[in-house]
Amino acid sequence: MAGDTARLVAGLERISADASYRGYTAVSNALKELDPQTTGLAPVRLALLRNFTAETVVPVIEGELALAGFYPLFYVGGFDAIAPDVHDPRSALYDFRPDFVIVAHWLETVAPALANRFLSLTREAAEDEIDRVLGVMRDIVEALRRHSKVPVLLNNFPLPAYPTLGILDSQSDAYQGGAIRKLNSRLCDLARQWPDVYIVDFMGLVARVGSNQAIDDRYWHIGRAPIGQQALVTFGREYAKFVRALRGKTRKCLVLDCDNTLWGGIVGEDGLEGIKLGTAYPGSCFQAFQREILNLHDRGVILAICSKNNEADVLEVLRRHPEMLLREKHFATWQINWNDKVTNILRIAERLNIGMDALVFADDSRFECDFIARALPQVAVLHLAGDPSSFASRLGTSAYFDSLTLTAEDRERTQMYRNQVERRQLQQSAGSLEEYLSRLEIVATIGSADNISVPRIAQLTQRTNQFHLTGRRYTEGEIRALSSDARAAVYYLKMRDCVSELGLVGVAVIKYSAEEAEIDTFLVSCRALGRGAEETLLAHCVQSAVARGCRLLRGRYLRTNKNGQTAGFYSRQGFRAVSETLEQSEWELVLDRITVSPPRWIRVEPVEFFEEKHAG
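Okay, so let's go over this structure. The structure displayed is predicted, hence computed values, not measured ones.

About the thresholds
Residues numbered from 1 in each chain as written. Predicted model: local features only at pLDDT ≥ 70, side-chain atom pairs only at ≥ 80, totals over all residues. Heavy atoms only, no water. Pairing = 2+ DSSP bridges. Helix = DSSP H or I, 4+ residues; strand = E, 2+ residues; numbered from the N terminus. Axes fitted to C-alpha atoms, helices over the stretch in contact; angles between N-to-C directions. Contact = heavy atoms within 4.5 Å. Parallel < 35°, antiparallel > 145°, perpendicular 65-115°, else oblique. Nonpolar A, V, L, I, M, F, W, Y, C, P; charged D, E, K, R; others polar. Salt bridge = Lys/Arg side-chain N within 4 Å of Asp/Glu carboxyl O. Buried < 20%, exposed > 50% of the residue type's maximum accessible area, 1.4 Å probe, protein only. Core = buried A, V, L, I, M, F, W, Y, C linked by side-chain atoms within 4.5 Å. Phe/Tyr/Trp six-rings, centres within 6.5 Å; stacked < 30°, edge-to-face > 60°. Lys NZ or Arg CZ within 6 Å of the ring centre and 35° of its normal.

Considerations on the sheet that holds strand β7 (residues 302-308)
Next, step 1: Ordered by their spatial adjacency, five strands build an open sheet running β8-β7-β6-β9-β10, and the pairing between neighbours is parallel. Each of the sheet's edge strands pairs with one partner strand only, and the pair in question is β8 (333-337) and β10 (380-383). Ignoring which end each strand starts from, the neighbouring axes of this sheet average 20° apart.
Next, step 2: Judged from the five bridges that link them, β7 and β8 form a sheet pairing that is parallel. Across the sheet, residue Ile-305 finds its bridge partner in β8, namely Trp-334.

Okay, structure coming up:
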C-alpha cells in the first residue's frame, strides 16, 4: 500500500511539472491500485455518457481531480447508449448515483447531415435538423432532471476545419459554419433553462488547439475516437475545471512578484524610466500580462504583491509610471521588503485571512518558485520563465480562478479587503474589542434566498472553509430547489458598517420536519468573522423556527481540515450535545424560549417573518 501511495504522489508531482498524457495515465493506474478510503482524497462520482469514444479523456480528468484533492470514481455508459441510461430510472447510471453527469455528443453521430452532407439539405431542412438535435438534447436533460439533480455537462460542437463550401462558407450564416454556430448558440440558450446544466466549449477548445491537432480523422474511422492525442489533455482538463469550480476548489488570490514579472528589468537598478513597460516590445508583453491580471481583478480575484525590493521604488512605479495599468488601488495588500518570500506569503495570507490553498504565486525566478513549492505546497506556483509574450496566455491557461458565477461582491472584492485596513486602524484606536465593534456601527440584513442572491449563496457554500459547520457544497440549482421547498428555508445575511458594505457574508439552510428544525448548512465568510455575524444569523434561525411552531432546533458539526475553529460554536450558543466524536457532533436546542440573540453592537434591520414564503 505504501508503494502504491508513493506511485500516486510521484505521478501527481510529474503531471504538476509536465502535464503529459502518459503522466495522467500513470496517475490513473496508481489510483486504481488504492483503496479510496485510505487516500485522504474526497470521493467524487462522475458518469460519462457518450455517442463517441470519449473515455480517452478519463485519465486526464482523474489526474486533475486527484491534484485538486478528489478521488474520482467513473461510470462510463455504453457506446451511443445515452437514451437507455437516462430514461430508465433503474439503469446502471442511476444505481451509480453520480455527483456529475457528462453528456458527450459528436456532431457526426448525432447529426451526420449537418456534419458531412450539408449541401444535401435545403435551408428549411437544415433548420429542422438543428431543431431535431436540440430536441434530442432537451429529452436527455429532461430525463436526467426527472431522476437526478446533479450538475450536467453538455458539449457544443466544433466548426468543420474544411467547410463544405470552402471559402464561400464564411460569406453567409446560412451555410454550414453558420448553421453549426446557430446550433451552439441555441444549445447554450437551452442549457440555461435548467439549473446546473453547463456547456463545455468544444468549439473553443478545437479553435485553441487547432483542428488538425484536436481531431484525428484516422482514429475516428478506426474506433470512433475523434479527439487527437495532442488534445486529450486539453479536453480532459476542461471537464475537470467544472468539477473544481462546483466543488469550491477555485483559488482566490494572485500574489505577484514585480521585477521581470509585472515589468521588465529591476526597478532598483534601472529606475522608474529604465524598466521595460509600454506599447513597444518587450514592454508591451508586460502590459498585456497586466491587462490579463486586471481582467482577473474585475472577476473578483484578490491581488497582492510579494517582492524583494525597496517599498518606495515599487510604490513609485504603481503611482507614477505612465504605462503602468495596475495601480496601488488594485492591490489588497503587499509585502515589499527583503525578507524571504515564504515569510511574506504567510503574512499576506494572515492579513487577508485566507488559507494557503487560496493563493497562486507568480514569479520569474525558478529559485523563488521552487522555494515556495517546497515550503508551502498548498500554494499554486506559476513560474513565468522565458519569453514574456507568453505570460498573459499562461495565466489564462492555468485556470486557477475559473468560476461559474460572477456576483456584485466579486467585482468589489479587492476594495472590501482594502477596507479591512481601515477597520484595523479603527480597532487599534479603540480601548476594547466591544468599543471597537460599537464604533463600526454594524447593520445586518437577513432575508430569504431569491433570484438575485442565489448565485452568491451557492458561491459561498463552495468557497467558504473556515466558518462552515458542515462543509457542504451546493450548486445554484440545488439552492434554488431548497429555497422553493416548503420543507426548507435558505437565509442569507448581509452586513455593512461605517467603513463600507461587506455584502452577502452568511448563509443558513434549515430543513423542517413536524415540530423540529435542523440546521443543514451554516456558514459565515471569513471577512465577517469576529463581529457577531454568526450569532446574528443563528438568532434569526432560532426566531424563524419558533415562528413556524418548532419545539426543537438541531445542528450538526462535521469536521473538515479547515473548520476546526467552529467545533465549539453550538456549545457556546447554549445547545446541548447529543453525540460527539472526533469527526462530528450533533446538538439540539429546546425552543421553549428564545435564548440566542444578536450582539448588542449589531442593529438588525427588521424582517417580517409572516411575509416570508414559509410563514404559517
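What to know about the sheet that holds strand β4 (residues 152-155)
Next, step 1: Taken in spatial order, the five strands line up as β2-β1-β3-β4-β5 in an open sheet, and their pairing is parallel. Every other strand in the sheet has two partners, leaving β2 (70-79) and β5 (197-200) as the edge strands with one partner each. Across this sheet, the average inter-strand angle for adjacent strands is 25°, counted without regard to direction.
Next, step 2: Both β4 and β5 contribute to a ladder of four bridges, which runs parallel. Paired with Val-152 across the bridge in β5 is Val-197.
Next, step 3: Across the sheet, helix α9 (residues 176-191) touches β4 and β5, and the angle it forms with β5 is around 155°.

As for the packing of helix α2 (residues 21-32) against helix α3 (residues 58-67)
If you want to describe how two helices pack, look at the angle between their axes and the distance between the axes.
Next, step 1: Where α2 meets α3, the axes come as close as 8 Å, and the angle between the chain directions of the two elements is 75°. Taken together, α2 and α3 sit at an angle that is classed as roughly perpendicular. In contact with Tyr-21, Tyr-24, Thr-25, Val-27, Ser-28, Leu-31 and Lys-32 of α2, α3 contributes Pro-59, Val-60, Glu-62, Gly-63, Glu-64 and Ala-66.
Next, step 2: When its residues are assigned to classes, the contact of α2 with α3 shows seven nonpolar, three polar and three charged.

Quick notes on the pattern of salt bridges
Next, step 1: Taken as a whole and assessed by the stated rule, the structure comprises 32 salt bridges.
Next, step 2: Of the charged contacts in the structure, one is a salt bridge between Asp-363 and Lys-341, with a shortest N-O distance of 2.6 Å. Here Asp-363, found in strand β9 (residues 359-363), pairs with Lys-341, found in helix α17 (residues 341-352); they are 22 residues apart in sequence, far enough to count as distant.
Next, step 3: The class of Asp-363 is buried, set by a relative accessible area of 1%.
Next, step 4: Under the relative-accessibility criterion, Lys-341 is labelled buried at 3%.
Next, step 5: Notably, a salt bridge pairs Arg-439 with Glu-435, separated by 2.7 Å at the nearest N-O pair. Taken together, the residues span about one helical turn, with Arg-439 and Glu-435 both in helix α22 (residues 433-439) at a distance of four residues.
Next, step 6: Residues joined by salt bridges that share partners form a network here, namely Glu-516, Arg-554, Arg-576 and Glu-588.

Looking at the nonpolar core
Next, step 1: Ranked by size, the top nonpolar core spans 64 residues in total, and within it Val-255, Ile-345, Leu-359, Met-495 and Phe-522 carry the most contacts.
Next, step 2: No other element matches helix α25 (residues 533-547), which puts seven residues into this core.
Next, step 3: Among all residues touching Leu-359, those that are not within four sequence positions of it are Arg-251, Cys-253, Val-255, Ile-345, Ala-349, Ile-354, Val-379 and Ala-380.
Next, step 4: Core analysis: the next-biggest nonpolar cluster, separate from the first, contains 46 residues, Val-27, Val-44, Phe-70 and Val-206 among them.

Considering the side chain of Asn-337
Next, step 1: Within the secondary structure, Asn-337 sits in strand β8.
Next, step 2: Setting aside anything within four residues of it in sequence, one finds Asn-337 in contact with Ser-307, Lys-308, Asn-309, Asn-344 and Arg-347.

Quick notes on the packing of aromatic side chains
Next, step 1: For the structure on display, the rule yields 14 aromatic pairs.
Next, step 2: When the ring of Tyr-198 is compared with that of Phe-242, the centres are 6.4 Å apart and the planes differ by 45°; the resulting orientation is tilted. Of the two residues, Tyr-198 sits in strand β5 while Phe-242 sits in helix α13 (residues 232-246), which places them 44 residues apart along the sequence. No difference in accessibility class separates Tyr-198 from Phe-242, as the two residues are buried.
Next, step 3: Judged by centre distance (4.9 Å) and plane angle (75°), the rings of Phe-202 and Phe-235 are edge-to-face. With Phe-202 in helix α10 (residues 202-209) and Phe-235 in helix α13, this residue pair connects regions lying 33 residues apart in the sequence. Of the two residues examined, Phe-202 and Phe-235, each falls in the buried class.
Next, step 4: Here Arg-45 stacks its cationic end above the ring of Phe-96, 4.3 Å away from the centre of that ring.
Next, step 5: One residue, Lys-249, lies across the ring of Phe-70, its end atom 5.6 Å from the ring centre.

Everything listed here is a matter of geometry and, on its own, says nothing about what the molecule does.
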